[in-house]
Each structure stands twice: as C-alpha cells, then as structure tokens.
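Spelled out from the first residue to the last, the chains are:
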Amino acid sequence: MEYFECIFCQKEYPLDLFNPFCLDCKEPLLYQYSQRKRAFYPKKYWTLEKFLDFLPISEANQNFSLGEGNTPLIKLNRLSEKFKLPPIYAKNEAFNPTSSFKDRGSAVAVQKALSMGIERIGTVSTGNMAASTAAYGAKAGLKTFVLVKEDASSEKLLSIGVHNPVLVLAKGDYGQLFYKSFDIGRKHNIYFINSVDPIRIEGYKAIGFEIFLQLNSQAPRYVFAPVSSGGHLIGLIRAFLDLLQQGQIQGLPFFIGIQAKGCSPIARAYRLGKSKVERIEKAETIAHSISNPDPPGGNIVLKMIQDKKGKIIEVSDEEILNAQRILAELEGIFCLPASATTLAGLLKLSEEIKNNINDQIVLVITGSGLKSMKELELSKINICHSSLSKLDEKMKSFIIHK
Ligand SMILES: Cc1ncc(COP(=O)(O)O)c(C=O)c1O
Ligand SMILES: [Zn+2]
C-alpha cells in the first residue's frame, strides 16, 4: 500500500498528487509504501527498470522515456592529485536528456501521472525543471502548463517554449506562485510536479542507487550536492536510507549540501542551530538555478541533516566561478555554476577531508554549463591572435621542446 507521510508529525495521508502538504505542519509530504519485496535489476537497460522496486511506479513504460539516467561516474584523478585529496568522482547528471538531473524526477512523475489517468501536468520553475517537465510532457502527449517568473531570460524561455507547453509568465512573488499553483491544480486537474513533489523526489533516488552500483556496491564516504528548494538532497538521502534499510550498506555517507552565499537560507538556519528555515528577502548570486529564497523543502533538509550525518554550507560566487573553471580546465567538465558549488564546497572542507585518504568523494554535477553561458566572461578566456603568415611561428612559441 502506498501513501504520503509527514516526517514532522508522522501523520499519514492517502496518496493524492494534488494535495502534497501536511494539513497540520504545512510541510511537504513524502512518499511511503508498506513492506514489499525489493531488489535491483542492474542488467536492465532503462534506469527506471533497474530500480523499479524502489520507485513509486509499478511499471516503467518506455514509450514515455527520453533515455534519462545511466549517467557516468567519472574519476577526477587530476583534481585529487592537485589538491592532495582522496578519490573524487563526478556523477555527471548533465548527460540527462534535457541536460540536468531534473529529468530523473520528471520521468518518474510523468509515468505516475499516466498510470493514474492524469491528463494535465505542470510546474513552477525558473529554468531546468521547467524545460525538463515540458520535454517529458511533450513525449507523453500530456497537456503541460509551465509557470515562470516574469523576468525569466529569453534563453530560458526558448528552452522551455520549444516543447510548446502553455507557458505563463507570472507577475508577483515567486514563493506565493508556488503555493498558488496547487490551488490552480486542484481546480483544473493539473498535477503540478514542483520542486518538492513527493514523486519527483523519489525519482532523484536513482542518482544515489547508480552511484552505489558504480562504486561496486559501496556507499561513498562523502556526497556533495547543491541545494535550492531541497528536493534533490532529500532524494539522495532517501536513496541511501533505502540501501541502509535493505542491509546493502553498513552506514550512510556524510551528506554535504551547498548553497550560494547570496541565497543560503538553509545553510544559515543550519549554522545557527535552528529547526526552521526563515525565508530571505532577496537572492543575489550568479548560481541562478539554486536561488530559491523561500525553499519549500528547507525544513525537511534541515531535519534530515541534523538527524543523520552531514552539514549544509555556503560558498561565494567567486568560489563558485573558480570551481567551475577548475572542473573545466583540469577535468574537462563544463557544468552550471549551481553544480560547481560542489567542488567549491569540497575545497572549503579540504582540510577536514584530507586525512582520510581512502575515502571516496562524490560531487553531483547537476547540470550542463552549456545551459547558462552568461556568467562566463570572454575576457577571462585565453585567446591569442595571429595572421596566417605568422601562424607557424606563433604555434611554435607554445611548444616547449625537451
Ligand atoms: C542545476 C541545479 N542544481 C541543483 C538544484 C537544486 O535542486 P533542489 O531545488 O531540488 O534543491 C537545481 C534546482 O533547480 C538545479 O537546477
Ligand atoms: Zn505534519
């Protein structure tokens, strides 16, 4: 039997995709099921089939898949060597169909919607989740509604609009728009697959399961993940909790959630030892995709991190851009500033981590750098000029003969 549960008051609710909040605590509900036999099927091709027993769907219909998941875990040898750190891996979620980890959640939520006969889906997002939901809605032939902030860039609007959803630029407070979408959803039968939708969050678990399998059925010692609304980290933690419960691992990894300094309500609450996150007035960071000043999953993240092993830290825009450049120059990985927070966080904690040379570190690279080029400055890219006649000489000057 499947149901929703509030992790604050433990109250159980019938599974209702249109009502994903606790009536008493007002917190997002999480998906639960009563005991069932569970196993991985690593030989299956599709990621949803591999982890089907751990996902909130009873079958994975390939007609609605865009080929999500099965992303590489890449060893970052040059990085470990340079900073004298234990083995570091990048779980590169940029390999997903719309170039971010959001596809993991959209894929599962769309399967769920179809299995329940739902014909309309939607999302409230400024970027990656909007493009992902629009793409999966298109593939499944569902009427899709995307509500975005009125100041969304044309680059973002194009990547969403190309899938031809109903695209609405909404004026007003973004936090309020999030809650308002559920009223609209109930009224017009639109399943809003927002950032902390319980089914979306279950979809993120597959990232954790894949990491486990890719490390030869082991949990890494550290998992670094960017945090905005909270859904991503909640999903990752739940994956390893499932593995622990199944007896597949003996202990949980140390989870490090990273926020940008210009928008770090959860990190601040963690630092001050509070149990509730307070919204901040204004987000100011170049890491736009993790700039939610009023994170709906903030209190859950805080509770999970305080109950389990982990911490939430913040990094500056300068540290983020530096980490983005290091990943690109040293390891060939071009990621979003939001994703580069993982390396920025690791470098910040490097003294703590250095001593445990056998530990494995995983950075979840949540999205591709190609999605947001504006933060990069051409002036900081090394370019040289040459006439054709001097080209040979110019090239020679770069080649050092031993
Ligand atoms: C690239 C990227 N990384 C990380 C996150 C954080 O995920 P969440 O909002 O679930 O905490 C987002 C959210 O939009 C994102 O787009
Ligand atoms: Zn509750």
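For the structure itself, consult the block above.
Note that this is a predicted model, so its numbers are computed, not measured.

(A) Focus on the sheet that holds strand 1 (residues 2-5). Within the open sheet, the 3 strands sit side by side as 2-1-3. Their pairing is antiparallel. Strands at the two margins of the open sheet, each flanked by one partner only, are strand 2 (12-14) and strand 3 (30-33). Mean inter-strand twist for the sheet, computed between neighbouring axes without regard to direction, equals 45 degrees. Strands strand 1 and strand 3 of the sheet are contacted by helix 7 (residues 198-214), whose axis makes an angle of about 75 degrees with strand 3.

(B) Structural context of the nonpolar core. Of all hydrophobic cores here, the largest spans 104 residues; its most connected members are Phe224, Leu236, Ile266, Val301, Ile361 and Leu363. In terms of residues, this core owes the most to one element, helix 7, which gives 8 residues.

(C) Inspection of the site of ligand 1 at higher detail. Taken together, 18 residues surround ligand 1, and among them Ser228, Ser229, Gly231, Ser289 and Thr366 come closest. Sorting the residues of the shell around ligand 1 by element identifies helix 4 (128-140), helix 8 (231-245) and helix 12 (337-348) as the ones contributing at least two each. Tallied by class, the residues present in the shell around ligand 1 amount to 6 nonpolar, 12 polar and no charged.

(D) Focus on the packing of helix 8 against helix 10 (residues 298-307). One can describe the packing of helix 8 onto helix 10 by two numbers: an axis separation of 9 Å at closest approach and a directional angle of 35 degrees. In the packing of helix 8 onto helix 10, the handedness of the crossing is left-handed. Of helix 10, the residues touching helix 8 (which contributes Leu233, Ile234 and Ile237) are Ile300, Val301 and Met304. For the contact of helix 8 with helix 10, a count of residues per class yields 6 nonpolar, no polar and no charged.

(E) Region of the structure containing the sheet that holds strand 6 (residues 120-124). Read across the open sheet, the 4 strands follow the order 8-7-6-9; overall the sheet is parallel. In the strand order of this sheet, the two ends are held by strand 8 (166-170) and strand 9 (191-192), each with one partner. By the bridge criterion, 5 bridges tie strand 7 (residues 143-149) to strand 8 in an arrangement that is parallel. If you follow phenylalanine 145 over to strand 8, its bridge partner there is valine 166. Relative to the sheet, helix 6 (residues 174-188) contacts strand 6, strand 7, strand 8 and strand 9, its axis offset from that of strand 6 by approximately 170 degrees.

Conventions and cut-offs
Each chain has its residues counted from 1, following the order in which its sequence is written. Here chains are named by letter from A upward and ligands by number from 1 upward, in the order in which they appear as written. Given that the model is predicted, a residue must reach a pLDDT of at least 70 before its local features are reported, and side-chain atom pairs must reach 80 or more before they are shown or counted; all residues, however, enter totals for whole chains, interfaces and linings. Pairing between strands requires that DSSP locate at least two bridges from one strand to the other. Secondary structure follows DSSP: runs of H or I at least 4 residues long count as helices, runs of E at least 2 residues long count as strands, and numbering of each begins at the N terminus. To get an axis, a line is fitted to the C-alpha atoms, and for a helix only the part in contact is used. The angle between two axes follows their N-to-C directions and goes from 0 to 180 degrees. Here contacts are defined at the residue level, using C-beta atoms placed from the backbone and a cut-off of 7 Å between them. Think of a nonpolar core as buried Ala, Val, Leu, Ile, Met, Phe, Trp, Tyr and Cys residues, each tied to the set through C-beta atoms within 7 Å. Partly exposed residues are those whose C-beta has more than 12 but fewer than 20 other C-beta atoms within 10 Å; 20 or more makes a residue buried and 12 or fewer makes it exposed, with C-beta atoms placed from the backbone. Using a C-beta atom placed from the backbone, a residue is scored as near a molecule or strand whenever that atom is within 6 Å of it. Residue polarity follows a fixed list, in which Ala, Val, Leu, Ile, Met, Phe, Trp, Tyr, Cys and Pro are nonpolar, Asp, Glu, Lys and Arg are charged, and the others, Gly among them, are polar. When the near helix sits turned anticlockwise from the far one by under a right angle, the crossing is termed left-handed; a clockwise turn instead gives a right-handed crossing.

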